[in-house]
Amino acid sequence: MKPLPISAETAQKLAKQLNVPLEHLMHMPQHILLQKLAELAQNKPAEDGPAGSGDTARPAAEPE
């Protein structure tokens, strides 16, 4: 089985949030990882609100 195609930074964050060793996370079957992420999302309230409501939607600057 090949390691998951995710960056090292993402793998470290996921391992910490899921409370699993990094080596286990990298060789975890993708469907199991997705299931654990879904469980984590259900148990944790959204920090940023609905998707797309981040800082990217800013009003245009008014001309001076």
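For the structure itself, consult the block above.
Since this is a predicted model, take the numbers as computed values, not measurements.

### Section: unusual backbone geometry
Across the chain, the bulk of peptide bonds are trans and the bulk of non-glycine residues have phi less than zero. Phi is positive for N19, close to 60°, though the residue is something other than glycine. Looking at where N19 falls in the secondary structure, it is placed in the loop between α1 (8–18) and α2 (22–26). We classify N19 as exposed; its relative accessible area is 71%.

### A closer look at the pattern of salt bridges
The full count for this structure, using the stated rule, is one salt bridge. With its nearest N and O atoms 3.3 Å apart, the salt bridge here joins K13 to E9. Remark: E9 and K13 occur in helix α1; sequence separation between them is four residues, near one turn of the helix. The exposure classification of K13 matches that of E9, with both residues exposed.

Rules behind the numbers
Residues numbered from 1 in each chain as written. Predicted model: local features only at pLDDT ≥ 70, side-chain atom pairs only at ≥ 80, totals over all residues. Heavy atoms only, no water. Helix = DSSP H or I, 4+ residues; strand = E, 2+ residues; numbered from the N terminus. Buried < 20%, exposed > 50% of the residue type's maximum accessible area, 1.4 Å probe, protein only. Salt bridge = Lys/Arg side-chain N within 4 Å of Asp/Glu carboxyl O.

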